[in-house]
Each structure stands twice: as C-alpha cells, then as structure tokens.
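Residue-level listing of the chains:
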Amino acid sequence: MTNRLEGKSIIVTGAAGELGRATAVRLAAEGANLTLVGSGRTPLDEAQAAAEAEGAKVIAVEADVATSEGVRRYLDRAKEAFGRVDVLFNNAGIQAAIGPIAEFPEEDWDRVMAVNVRSVFLGIKHAGPIMAEQGAGVIVNMASVAGVMGVPLIASYSASKHAIIGLTKAAAGELAAAGVRVNAVAPGVIESPMMRTIEEGAAPGAPDAAKQAYTALTAMGRYGTPEEVAAAVAFLASDDSSYMTGAYLRMDGGMSAGSA
Ligand SMILES: NC(=O)c1ccc[n+]([C@@H]2O[C@H](COP(=O)([O-])OP(=O)(O)OC[C@H]3O[C@@H](n4cnc5c(N)ncnc54)[C@H](O)[C@@H]3O)[C@@H](O)[C@H]2O)c1
C-alpha cells in the first residue's frame, strides 16, 4: 500500500455503509486522517474501529447530509480536528422504492433526490469555498452506472445519479481555477446489501435470478467488490489523478461499455 494520502484530512459521508466503510479503510491504509459521517441510524463504530486499525486518526460525526446544517457540522468538525479539509467523498446515498414510474410514490422520489442529489449539491456548496481558500482540494462524488445508463424500475435513483454526474461537471468548471478538482465514480453492480435489496425488489422471491441477470449484463461476468470501488476513490483523492477534473470513472465490469 502506498502512503500517497499521508496526513490528508478526508471526509467520507455514508461511512457506516458497505462502500463507505471499505473506502474509509483504504484511505486510512494510505495515510489519511478521517472524518466519518453517518446518519445516526447506522452506527459508525465499526467503520471507525476498522479505519483506526490502519493507523488513522478518526472522528465520527452524526449529520444529515441532506441539510445545510448537517453539512456545515461535518465540515466544522473536520476543520477543528485536522485543521483543513483536503478531500470530501460525497458517498451517502439511498435507493428507495422499486417499480415503474407510473406507480412510483412521489414522496420516495423527493427523498431520493434530497439524499442523493441535494447532499452532493450542499457538500460542494459548503466545501468548495473552504478548499478554494486553501488553494487546493478534491471532491469525489458517488454516482453509479445508473447515472450513465437509464435503469428501468429504479428511475428516481437513476435520475439522481445522472444529476450527480451533471453537478460534478458543472462544479469542476467553477472550481478548477481555485485549485479544486471535482470528479465522480460510477460503480456498477457491487456485492452489497444495497444490491441485495435491488435484486429482491426486481424479482420478489427470486433474488438469485435477478443477480444472475445483472451479472450477465457485465462483460466481466461478475459483480465488483467494495474494495475495488475504494481503490478508485483513493486514486481520485490522490495526486495520481492530478490532471483529472469533471470526469466520471466508470467501474462496472464493462456493463456500460456499449453506451456513449
Ligand atoms: N452498492 C452498490 O452496488 C452501489 C453501486 C453504485 C453506486 N452505489 C452508491 O454508493 C453509495 C454507498 O452505497 P452502499 O452500497 O454502501 O449503501 P449503504 O446503504 O450500505 O450505505 C449508505 C450509507 O448512507 C447513509 N445515509 C443515508 N442517508 C443519509 C443521510 N441523509 N445523511 C447521512 N447519511 C445517510 C446510510 O446510513 C448508510 O450508512 C450510495 O450513494 C450508492 O448509491 C452503490
């Protein structure tokens, strides 16, 4: 493992979740100090302990990332603990109802947009000026293959992830002159509880069949792992991606390779 993130102050939202926890561990192993953000519904203890085991200094902050108050809280806490904010990984996200648009509950649409899109907007809105003042910073946003291709039955999720890619591109243009890079990762199907829920929703009572169908959509014939996502985030967080901004990194085993 390299130490290319040595001493960096990195914030990970949704850190108690499957991909957030794996990324926290990877960033810690590469030398970062971490502010782990969770919603309070899922305890952050396990992610904190796993990152600390890699030698990182870690603080845990409970905050609703869909509110300005929550975003300001985690930024303030990170600055208090580590003096600056080098990287923000806007990872928190949800997948709500599964079903056709005609039957999709309006309140689920609003909730998905609030958690997935508003959180990224607010993260950029409040972290951008801090990083600009520092003269350097990196923002990594969690999109999805569903932000690259339209995915039937999860239209709100798919729309929210397309919006994140749009926000990433717009923010990159605004912040580049201040030394701040903004990129996104767009993972495909990853071994995780979120995919188990989607499989069950897509084929009630026959999730294994849904998993097989999703696997068949990948060119590589397998799901990805949280650790593979974490490796891509670590790359985007580091100076190894110093000439990248406004980009989204597809990592989907070739699932979207046939689309533009
Ligand atoms: N799992 C996959 O296959 C996959 C694929 C592509 C993209 N993604 C994206 O990766 C991200 C993480 O997914 P995951 O599989 O780890 O999901 P997860 O459900 O395990 O983790 C998501 C975390 O976000 C937190 N969260 C939700 N709403 C919040 C709020 N308002 N404020 C603060 N925290 C909140 C949850 O508590 C949870 O800990 C999501 O944005 C998801 O859309 C996942």
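About the thresholds
- As a convention, each chain's residues are numbered from 1 in the sequence order in which they are written.
- Selection of residues for local features in this predicted model requires a pLDDT of at least 70, selection of side-chain atom pairs for listing and counting requires 80 or more, and totals for whole chains, interfaces and linings are taken over all residues.
- The side-chain numbers reported here are obtained from all heavy atoms of the structure, hydrogens and water having been left aside.
- The cutoff for a nearby residue is simple: one of its non-hydrogen atoms must lie within 4 Å of the molecule or strand.
- The definition of a polar contact used here is a pair of N or O atoms within 3.5 Å, where within protein one atom must be able to donate a hydrogen and the other to accept one, and adjacent residues in sequence count solely through side-chain atom pairs.
- Values of accessible area rely on a 1.4 Å probe in the Shrake-Rupley scheme; residue burial ignores everything except the protein chains shown.
- Where helices and strands are cited, they refer to DSSP runs of H or I of at least four residues and of E of at least two residues respectively, numbered from the N terminus.
- Ten residue types, Ala, Val, Leu, Ile, Met, Phe, Trp, Tyr, Cys and Pro, are classed as nonpolar, four, Asp, Glu, Lys and Arg, as charged, and the remainder, Gly among them, as polar.
- An automatic or database domain assignment supplies the residue ranges for each domain.
- A simple rule labels every residue: compare its accessible area, found with a 1.4 Å probe on the protein chains alone, to the largest value its type can have, and call it buried under 20%, exposed over 50%, or partly exposed in between.
- When checking whether two residues touch, look at their non-hydrogen atoms; a contact exists if any pair is within 4.5 Å.
- Note on definitions: angles span 0 to 180 degrees between N-to-C directions of axes, and those axes are lines fitted to C-alpha atoms, for helices only across the stretch in contact.
- Any angle that falls under 35 degrees is termed roughly parallel, while one over 145 is termed roughly antiparallel, one within 65 to 115 roughly perpendicular, and all others oblique.
- When the near helix sits turned anticlockwise from the far one by under a right angle, the crossing is termed left-handed; a clockwise turn instead gives a right-handed crossing.
- The term salt bridge refers to a pairing of a side-chain nitrogen on Lys or Arg with a carboxyl oxygen on Asp or Glu at a separation within 4 Å.

Draft legend 1. Representation of the site of the ligand in the model. Taken together, 27 residues lie around the ligand, and Leu-19, Asp-64, Asn-91, Tyr-157 and Ser-192 are the ones closest in. One of the backbone nitrogen or oxygen atoms of Leu-19 is found 2.8 Å away from an oxygen atom of the ligand. Within the complex, the protein chains bury 91% of what would otherwise be the 830 Å² of accessible surface of the ligand. Of all the elements in the fold, those that place two or more residues in the shell around the ligand are α1 (18-29), α5 (155-175) and α6 (193-202). Class assignment of the residues belonging to the shell around the ligand gives a composition of 14 nonpolar, nine polar and four charged. No fewer than three residues from each of domain 1 (9-188 + 226-249) and domain 2 (191-223) sit in the shell around the ligand.

Draft legend 2. Main features of the side chain of Asn-116. Take Asn-116: it is sitting in helix α4 (residues 106-134). You can call Asn-116 buried: its relative accessible area is 0%. A polar contact of 3.1 Å, which involves the side chain of Asn-116, links it to the side chain of Ser-160. Sequence-distant contacts of Asn-116, defined by excluding residues within four places in its chain, comprise Gly-93, Ile-94, Tyr-157, Ser-160, Lys-161 and Ile-164.

Draft legend 3. Broad picture of the packing of α1 against helix α2 (residues 45-52). Their axes nearest at 8 Å, the elements α1 and α2 cross at an angle of 20 degrees. Classified by the angle their axes make, α1 and α2 are roughly parallel. The element α1 and its partner α2 pack so that their crossing is right-handed. In this structure, α1 uses Arg-21, Ala-24, Val-25 and Ala-28 to contact α2, whose residues at the interface are Glu-46, Ala-47, Ala-50 and Ala-51. Here the residues of the contact of α1 with α2 sort into six nonpolar, no polar and two charged.

Draft legend 4. Spotlight on the pattern of salt bridges. Across all of its chains, the model carries eleven salt bridges by this definition. The residue Glu-199 makes a salt bridge to Arg-196 at a minimum N-O spacing of 3.0 Å. Taken as a pair, Glu-199 and Arg-196 lie in helix α6 at a separation of three residues, close to a single helical turn. In this structure Glu-199 comes out as buried when scored by relative accessible area, which is 2%. By relative accessible area, which is 33% here, Arg-196 ends up partly exposed. Where salt bridges share partners, they join Arg-4, Arg-26, Glu-30 and Asp-240 into one cluster.

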